[in-house]
Structure formats: C-alpha cells, structure tokens
Amino acid sequence: MTNTQGLPVRNPRTGEIDYWAQAISESDLQQTCTELRKNQKKWANSGLEYRLGILRKWADEIERNAKDIGNAEFKDTGRYRLSHEVPLMVAAGLRDWCEKAPAILKAGHRDGRSASNPNVTFKAQLVAAPLVGIISPWNHPFLLATLDAIPALIAGSSVVIKPSEITPRFIEPVMKTVRAVPELLEVLRFVVGDARIGQAIVERADMVCFTGSISTGRKIAEACAKRLIPLYLEMGGKDAAIVAPGADLDRASTAILRGSAFATGQICFATERVYVQEDLHDTFVDLLVKKSNGLRLSFPDPHSGHIGPFIFEKQAAIVDHHIDDAIAKGAKLLAGGKSEILGGGMYMKATVLTDVTHDMLIMQEETFGPVTPVMKYRTEDEAVALANDSSYGLSAAVFAGTAEEAASIASRIEAGAISLQDAATTISILRDAEKTSFKQSALGGSRMGPNSILRFSTKKVLVHNSGPTADMQDLSEQAP
C-alpha cells in the first residue's frame, strides 16, 4: 500500500518503518522507457569499446560511493559485512565483464562461407534488444539488480530495473553513481515501485529478466507470452546435499552449515536438504550440531556474530511454519529453533532437524532460512532419487571419498550447478561457466558464463551470393 509519503520500508534490525520510498508513477515510467528506448540506438551504434569505457567509469563511481551504497543496503538487509562487500563485488564484476566482452562478441559476429555453395558467404550480426526490463528480489538487492543489467548494457541494450520495494534504499546512492556518468544515465535507470510498476515494465520492455518466486514468475511468463517477447526467469531452489561413504565429514559439515546459514539462509542456492548415508549419519549430525551451536546471532552488535535478522518479516513466519510442520510430523529439533524477536528484529539461530521425511514442507518447499534438515539414506540410488524428488533444480552438492566419486553421483542429479566436495560454490563461477537450471527453478538460457551476453541480442545474418542466381526456369517439377 502507498500513501502520500510513498512506500513504507521496514528496518529488519528494529522492525520499524523508518523510510518511505518514492515510487515512480506509471506516466513517468512510460516517459523513462521512451527515453531509454530512444537513447539505445546511439548506445548500440557507438561501438563496444565506447560502451566498455563508460561502464569502467561506472565501476570507478561505484567504488567511490561504496560506503554509501553499503550503508543503504545494510539498513535494508541488516547485514553489515556483506552489504559493504557487494558494491566492490559489482565493481569488480563490471571490470571483469569488460575484459571478457570483446572476445565473446567477436565470436558472435562470425563470418564464413556456405558448406553447400562456395559462392555464398555470410556475415553474422548481433542486434541488441532495445529495452531490457529487470525485476530483482530483496535478498541481495544491489548484486542481483545488476546480474543481468551489466551484460545487457555491454550487448548494447538500454535497461530499466525495478528492485524489490522491500529493500529499495540502495537505489538512491546507486543512481548517484549513474548520474555521475551522463552517458550511462541515458540508457540505465533504477526505479522504485511495487508489483504494479513491475507489471508496467513487463508491458513496455522488449525482453524481461526476473528473479523471485515461482508464483510471480509464472505471471510474468504469461504476460510475456501474450506479447511474444523473450524472458529469463530465476525462481529459487531447494538445493540438496549428498554425503556419501568416504566423505570427509568435518569438511562436509562445515560446508553444509555455511551453505545453509550464510546470509541467514536467504540465498537462492542455499543448502536446504541434506542426505547422509546411514552409517555416517550420527557422526555427521553430531559435528553439524556442534558447529551450529557455535554460530552466534548478529545481535545486538551488527559488527559481530554470524547470522543476521530476517530481511522480510513474512519470511520468518514461513520458516517457522516449516519447522512446526516438520516437528508435528515426527522430526527432531537438535539445534536452534523458531524465530525470536530481538530489538524489534526477527532472528533465528542455526537450526538442525533430523528424522525428516519428504512429506514435510521443509523437504519440499523453499524455506529460505538458516535451517539444515538431515535425512538418512541407504544406497546411492536412494540418495539420488531423494535429491531429484523436487520441483526445483537450481543447484546441489555432493561429498564423497574422491572428487571423481562425487562427480559420478553428481552426473545423476537434476540440477544446474553441482558443487563437488563443497557447497554453494555457484557464486564463484558467475562469469566463467554456463549453467541452466532444471524444472521450475528457471526458464530461459543461462544467466551465467561468458556467452550470457549474447542472450540480449537477436542474431542476424547477411548472406551474399557472388555467383549466378538460380533461375525459376531451372526449378521445374520435372524430375532431374
């Protein structure tokens, strides 16, 4: 709901509404999209080196304003360290993309000769989408807002981004960096708005990128289908980890706990299901419980501890419901527990559940909290079947005696990125390796890897025949 003050924004550490975000009107959004579309032609025609030079200037501005951006995101997420690391990550990502882009786009502009007619040559072209609309989530505000935007800008598109209205404070300091590079301001805008503005962007863009829930993603897919425009959806995960015979249990328990509890479990590739071979189960659980109990809440001092507050208060209720459902159906709580209110914020200790089954919500639905449910299995076939018994297929993890053994198991898992002998490693290969998610976790091509730049362009080819043209008189139906 909005009022004369704008959209209310809750501080996750205090629980108070202490900021009002000024939402863009639909008429102003229409004007913004018109301007961005108009300016895109100049941006695309100015050439790759020009665009890369402008984006490197933006990286410099982000670094200069990293403290302000980090402070704004900290207020929205309650995470001090990560919030201040993200601007530097984005700046580094910009520079890395700028280094990789020339070779990638050169390969996309391929020239050649017909294999069937030596007189025919061709020259490929990439035509960037005029306006890319991006709708990004609340769990990693700045990072996920730029994940698609940077390669789109490099490709030659204009971009309009609507971050989540739950975490919009970073927009103001980030737009300061955009305004400091006037050429970029012509083709990039972050706008504030709720679902209504998101819908308006979908109605105006030539391509849409969305990160969020399956329910919202499905609505966006239907809207894009009606307009017959391309879209890329990233819709969460329910990542499984398998601990197989021979695994280093100390390493596995450390990695899985980090995968479950990092960022309060509010990451799409968090470890949310763990399957441990029955002979290893008790030892693994003992290690996991001990290490979970060693993690501290980041309260009252935001500069200490390991687990911050829930960003979105409704998410805490979802996680509590999953825990309640599991315990009611026979699960055992061995560490942590339901959320608690501290200083107005909602926190949850690292939580461990055992004796879980697949009829429990915590093993089927995305939890998005610092909870590690552990289930026994007997055979490798059973473990793989359990890992694949999900409507999600974003990523996973396998721990075994050797990397080769882990890879053998991983080859049978229906997920896009699978960590071997570690967990939640996807972030380390964002610009290096392509992966597409399985099932309902995503729709569209890879958002990762070098070739993800190419998805923002339509592929066009110019075909030249230097020899004689075919004559219809020679193409009669008479048999040769």
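Residues numbered from 1 in each chain as written. Predicted model: local features only at pLDDT ≥ 70, side-chain atom pairs only at ≥ 80, totals over all residues. Heavy atoms only, no water.

Asker: So what exactly am I meant to see when it comes to the overall build of the chain here?
Answerer: For the chain, the helix and strand inventory stands at 15 helices and 22 strands. Whereas a compact globule of 480 residues would reach a radius of gyration of roughly 23 Å, the chain reaches 25 Å, a difference of no more than 12%. Counting across all 480 residues of the chain, residues that qualify as buried make up 53%. Partitioning the intrachain contacts of the chain with sequence separation of at least 6 by distance along the chain shows that 71% fall at a separation of at least 24. When the accessible area of the chain is evaluated, it comes to approximately 21100 Å², of which 53% is carbon and sulfur surface. (Helix = DSSP H or I, 4+ residues; strand = E, 2+ residues; numbered from the N terminus. Rg over C-alpha atoms; globule rule 2.2 N^0.38 Å. Buried < 20%, exposed > 50% of the residue type's maximum accessible area, 1.4 Å probe, protein only. Contact = heavy atoms within 4.5 Å. Areas by Shrake-Rupley, 256 points an atom, 1.4 Å probe, with all protein chains shown as cover.)

Asker: I tried to follow the pairing of strand 16 (residues 371-377) on my own but got confused; where do I start?
Answerer: Both faces of the sheet carry side chains from a regular strand, because those side chains alternate between them. Burial analysis of strand 16 places 6 of its 7 residues in the buried class, which makes it a mostly covered element. Pairing of strand 15 (residues 351-354) with strand 16, which is carried by 3 bridges, proceeds in the parallel orientation. Bridge assignment links L353 to a residue of strand 16, and that residue is P373. (Pairing = 2+ DSSP bridges.)

Asker: Even after reading the chapter, I still don't get the sheet that holds strand 3 (residues 111-113), so can you show me in this structure?
Answerer: Strand pairing within a sheet occurs via backbone hydrogen bonds; the two strands may be parallel or antiparallel. Read across the open sheet, the 3 strands follow the order 3-4-22; overall the sheet is antiparallel. Edge positions in the sheet fall to strand 3 and strand 22 (457-465), since each of these pairs with one other strand and no more. Neighbour-to-neighbour, the strand axes of the sheet open up by a mean angle of 25°, direction not taken into account. Two elements, strand 3 and strand 4 (residues 120-128), share 3 bridges in a ladder whose sense is antiparallel. Counted as the bridge partner of D111 is K123 from strand 4. (Axes fitted to C-alpha atoms, helices over the stretch in contact; angles between N-to-C directions.)

Asker: So what exactly am I meant to see when it comes to the environment of P370 here?
Answerer: Here P370 lies in the loop between strand 15 and strand 16. Taking the C-alpha atoms as reference points, P370 and T264, separated by 106 residues in sequence, lie 5.1 Å from one another.

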